[in-house]
Amino acid sequence: MAPRRPAKRLVTALCRAFSGRGCQLAPKRGAERRDAAPSRVSRFCPPRKSRHDWIGPPDKYSNLRPIHFYIPENESPLEQKLRELRQETQEWNQQFWADQNLTFHKEKEEFVRSRLKAKGLDLRTASGQKATLNAEEMAEFYKEFLSKNFQKHMYYNRDWYKRNFAITFFMGKVALERIWNKLRPKQKKTSS
Amino acid sequence: MAASPHTLSSRLLTGWGGGCIWYLERRVTRESPRRFLHLLRNVNQQWVTFQHFNFLRHMYVTQLNRSLKQQIKPKPEPAESPFLEKTSLDEAKAEICEMRPLVPPSLSLSRKPSEKALIEPEPTSVIEGSIDLGKETKEEKQWKEMKLRVDDLPGILARLSKIKLTGDSSPPEPPEKPLDENKVKNTALVVSTTSAGFALAPAPFDWSCFLLTFVGTGLASCAANSINQFFEVPFDSNMNRTKNRPLVRGQISPLLAVSFATCCAVPGVALLTWGVNPLTGALGLFNIFLYTCCYTPLKRVSIANTWVGAVVGAIPPVMGWTAATGSLDAGACLLGGILYSWQFPHFNALSWGLREDYSRGGYCMMSVTHPALCRRVALRHCLALLAMCVAAPALDVTTWTFPVIALPINLYISYLGFRFYRDADRKSSRKLFFCSLWHLPLLLLLMLTCKRRAGEEGTGAPQS
């Protein structure tokens, strides 16, 4: 039987009961949203009996698929480190790509607007649809955008490779640890 | 909208939630009796999953009577929707609370005294944004458990290795667009060009050697493609062409991808080195290195990646040749040269239509940074193909019939290359790209049919 809980934390309690600490919750969403790079945290909570991570649909802004990490009861320090690294990398990636995509679309709109204005054309065509430039005109913008963001991408690439290797390395270590624990039941950890 | 199977064997909340769930189930059961039959059996003892809760809420919203003043809001703009979704859960709580008076007293709920305390602070507000609830539930349905299913593994690994020549079936996701890398840069193409190199080599066709080369090169290619996808997960997510790849969709973990790559690379290279000859093994290993450690990172740094990628594409037929003859001679280089030149009209035309994605994703491609160079290089290499076809008989690879019968297709691709150079539009780029797709297999086939047989009179000494 669930203990008494105040009404506004009812949803919190529901999610926590079902999936543990990792659940992302509606009441906290306001604080997590940022105007520059909205992450639109999903309130999805996996079913209680699931013992795996869950992956969601692509985020609207970053196109990355968020993962909801499962926290096992007997999580070892190494597993916790891996999960935290993955969670942090996910947030970092989300931040970067949401920001990148939003900046791209914003600057693209500005470019189109300024070019149409320079040509003396309306922002909307006669049929009411948004006026666009052709591919060759847009190519100038693409080139400029790419060169402007080159340095940013260099730093991102370097960090992404580092993180990706680290995550995979830790995944390997965790896998080995689990195999080790299965093969040596007497030495099974009781501390965590 | 159907509840997923595992939520049907679910459990009920006690307390006010339980009463509401019970009521909702009663209502829903009238419409769909079978679904909730065994749920009703367990009504007092178990907990319902959140997904089931959402399903019931959805059913309630779409099916119940309007006396509760249900309003349908017009579909909001995306910027507003996060706000509406945030409040809709509170409103859903409110609507559940409104249902409370209808709970039949026969259901003994231990938390009844606390329900009043729960409900008092909540205003019985009007239900708004039922569409948001539908949208949110739809979004939640798209969450998938990251559990590796053994049945799916072969398909997943095939996609990881970019094995198939045509678009593979990926049912829940939208079909991939025609200009899809999966369809072209893939293991099947690599293995085909290797086989062509093997067959064109002036040596008696040895089936066992051929099979070993085939398998070894295939494994090496799988390994290289897997590592490539392992490196590129966030970039692939952001490009339409590649967003359905297994690592992007979370169907396998990065660790599994790397393990798979290792399990392919080691036997593949070993097979080539000890089963065929060390030269072929070395070329295979070098190609894996070139593709994964040079081409893939270079894509984000400099346009030189295209030239490196062309070398990557040129090596497999050379491997086929060295597998058959054991040596790297002029014929091997010519074959490599033909594949090298072919890469440029093929890739440059493909990249012309992807400039937006490359720009946004941070890829350094000629089509974005140096568009004139892009078209010039494509045309240049179409003409180089023509020249190399003429050189083929001079190097004793084929008879003189070959450049003659290959002339029409070489002229055609050169013409399309010229059109692309001059027009620089999407139409000409697509035409050139699709032409390159059939041009290469046809060219290799013609070469095979015109292969200079051992002992024939030629301009050079016959190869041993």
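In this text, all values refer to a predicted model and were calculated from it rather than measured experimentally.

> If you had to explain the confidence of the model for chain A to someone new, which residues and values would you point to?
Residues and elements named next belong to chain A. Here chain A averages 79 in pLDDT, while 74% of its residues score no lower than 70. Ranking the helices and strands of chain A by mean pLDDT puts helix α5 (residues 150–183) first, with 94, and helix α2 (residues 26–32) last, with 38. Across residues 1–5, where pLDDT falls below 50, the model places 7 contacts with residues more than four positions away in sequence or in other chains. Ignoring residues within four places in sequence, the model shows residues 15–39, a span with pLDDT below 50, making 55 contacts including any to other chains.

> Give a description of the environment of B:A314 that names residues and reports values.
Residues and elements named next belong to chain B. Topologically, A314 is positioned in helix α16 (residues 305–325). Taking the C-alpha atoms as reference, A314 lies 8.8 Å from T193; in sequence the two are 121 residues apart. With residues up to four places along the chain from it excluded, the contact list for A314 reads G336, L339, Y340 and Q343.

> Describe the pattern of salt bridges, listing the residues and the values that go with them.
A full pass over the atoms with the stated rule returns 18 salt bridges over all chains. In this structure, A:D53 engages A:R86 in a salt bridge whose closest nitrogen and oxygen atoms are separated by 3.3 Å. You can see A:D53 sitting in the loop between α2 and β1 (54–55) and its partner A:R86 sitting in helix α3 (residues 77–119), a full 33 residues away along the chain. Note on accessibility: A:D53 and A:R86 belong to one class, buried. Among the ionic pairs, A:K148 bridges to A:E107, the shortest N-O distance being 2.7 Å. Separated by 41 residues along the polypeptide, A:K148 in helix α4 (residues 135–148) and A:E107 in helix α3 bring together distant segments of the chain. On the accessibility criterion, A:K148 (47% relative accessible area) is partly exposed. Salt bridges sharing partners connect three or more residues here, namely B:R419, B:R422 and B:D423.

> Outline the sheet that holds strand β2 (residues 67–68) of chain A, supporting the account with residue identities and numerical values.
Taken in spatial order, the 3 strands line up as β2(A)-β1(A)-β1(B) in an open sheet, and their pairing is antiparallel. A strand with exactly one partner marks an edge of an open sheet, and here the two such strands are β2 of chain A together with β1 (144–145) of chain B. In the sheet, β1(A) pairs with β1(B) via 2 bridges, with the strands oriented antiparallel. Note on β1(B): the bridge partner recorded for A:W54 is B:E145.

> Before we move on, can you summarise unusual backbone geometry with the specific residues and values?
The backbone of B:D396 sits at a positive phi, close to 65 degrees, despite the residue not being glycine. By secondary structure assignment, the location of B:D396 is in the loop between α20 (371–394) and α21 (401–423).

> Quick rundown of the UniProt feature "transmembrane region" (unreviewed entry) in chain B? Include the residues and the values.
Residues and elements named next belong to chain B. The feature "transmembrane region" (unreviewed entry), as given by UniProt, occupies residues 210–231, 252–273, 279–298, 400–420 and 432–449 in the numbering adopted here. Across residues 210–231, helical content stands at 100% and strand content at 0%; the span's end C-alpha atoms are separated by 32 Å. Across residues 432–449, helical content stands at 100% and strand content at 0%; the span's end C-alpha atoms are separated by 25 Å.

> Go over α21(B), please, and point to the residues and values.
Residues and elements named next belong to chain B. Counted at 1.5 Å a residue, the expected span for α21 with its 23 residues is 33 Å, and the 34 Å between its end C-alpha atoms agrees. If you look at α21, its biggest bend is around 50 degrees, right at L407, and the proline P408 turns up within four residues after that. Those residues of α21 that sit buried are F402, P403, A406, I409, N410, I413, S414, L416, G417 and F420. Buried residues belonging to α21 abut α17 (330–352), α20 and α22 (426–449). Looking one or two residues beyond α21, the residue adopting positive phi is A424, at roughly 55 degrees.

> Break down the nonpolar core for me, citing the residues and quoting the values.
As a rule of thumb, soluble globular proteins bury nonpolar side chains together. Counting 104 residues, the largest nonpolar core has B:Y358, B:F402, B:L432 and B:M447 as its most contacted members. When residues of this core are assigned to their parent elements, the largest contribution, 11 residues, is made by α17(B). When near neighbours in sequence (up to four residues on either side) are disregarded, B:L432 contacts B:P345, B:A349, B:A378, B:C382, B:I413, B:L416, B:G417 and B:F420. By size, the runner-up hydrophobic cluster in this structure holds 7 residues, among which are A:L78, A:I167, A:F170 and A:M171.

> So what's going on with the packing of aromatic side chains? Residues and values would help.
The geometry of an aromatic ring pair is captured by two quantities: the separation of the ring centres and the angle between the planes. According to the stated counting rule, one finds 31 aromatic pairs over all chains in the structure shown. Seen from their ring centres, B:W352 and B:F420 are 5.2 Å apart, and the 90 degrees between their planes marks the pair as edge-to-face. Here the residue B:W352 occupies a position in helix α17, and B:F420 occupies one in helix α21, the gap between them amounting to 68 residues. No difference in accessibility class separates B:W352 from B:F420, as the two residues are buried. The aromatic ring of A:F96 is capped on one face by A:K152, whose charged end is 5.5 Å from the ring centroid. One Lys or Arg, B:R300, reaches over the ring of B:Y363 and ends 5.0 Å from the middle of that ring.

> Describe in detail the environment of B:V258, supporting the description with residues and values.
Examined against the element boundaries, B:V258 turns out to sit in helix α14 (residues 254–276). Measuring from C-alpha to C-alpha, the distance between B:V258 and B:A223 comes to 8.4 Å, with 35 residues separating the pair along the chain. Leave out the neighbours within four places in its chain, and B:V258 touches A:T168 and B:F230.

> I'd love a proper account of the packing of α20(B) against α21(B), names of residues and values included.
Residue and element names in this part refer to chain B. At a closest axis distance of 8 Å, the pairing of α20 and α21 adopts a crossing angle of 170 degrees. Between α20 and α21, the angle is such that the two are roughly antiparallel. Counting all contacts with α20, which are made through R375, R376, A378, L379, C382, L383, L386, C389, V390, A392 and P393, the residues of α21 involved are F402, P403, L407, N410, L411, I413, S414, G417, F418, F420 and Y421. Tallied by class, the residues present in the contact of α20 with α21 amount to 17 nonpolar, 3 polar and 2 charged.

Rules behind the numbers
- Residues numbered from 1 in each chain as written.
- Chains lettered and ligands numbered in written order.
- Predicted model: local features only at pLDDT ≥ 70, side-chain atom pairs only at ≥ 80, totals over all residues.
- Heavy atoms only, no water.
- pLDDT = per-residue confidence, 0-100.
- Helix = DSSP H or I, 4+ residues; strand = E, 2+ residues; numbered from the N terminus.
- Contact = heavy atoms within 4.5 Å.
- Salt bridge = Lys/Arg side-chain N within 4 Å of Asp/Glu carboxyl O.
- Buried < 20%, exposed > 50% of the residue type's maximum accessible area, 1.4 Å probe, protein only.
- Pairing = 2+ DSSP bridges.
- UniProt positions renumbered as here; feature names shortened; annotations may be inferred.
- Expected span 1.5 Å × (residues − 1).
- Bend = angle between axes of the 7 residues up to and from the residue.
- Core = buried A, V, L, I, M, F, W, Y, C linked by side-chain atoms within 4.5 Å.
- Phe/Tyr/Trp six-rings, centres within 6.5 Å; stacked < 30°, edge-to-face > 60°.
- Lys NZ or Arg CZ within 6 Å of the ring centre and 35° of its normal.
- Axes fitted to C-alpha atoms, helices over the stretch in contact; angles between N-to-C directions.
- Parallel < 35°, antiparallel > 145°, perpendicular 65-115°, else oblique.
- Nonpolar A, V, L, I, M, F, W, Y, C, P; charged D, E, K, R; others polar.

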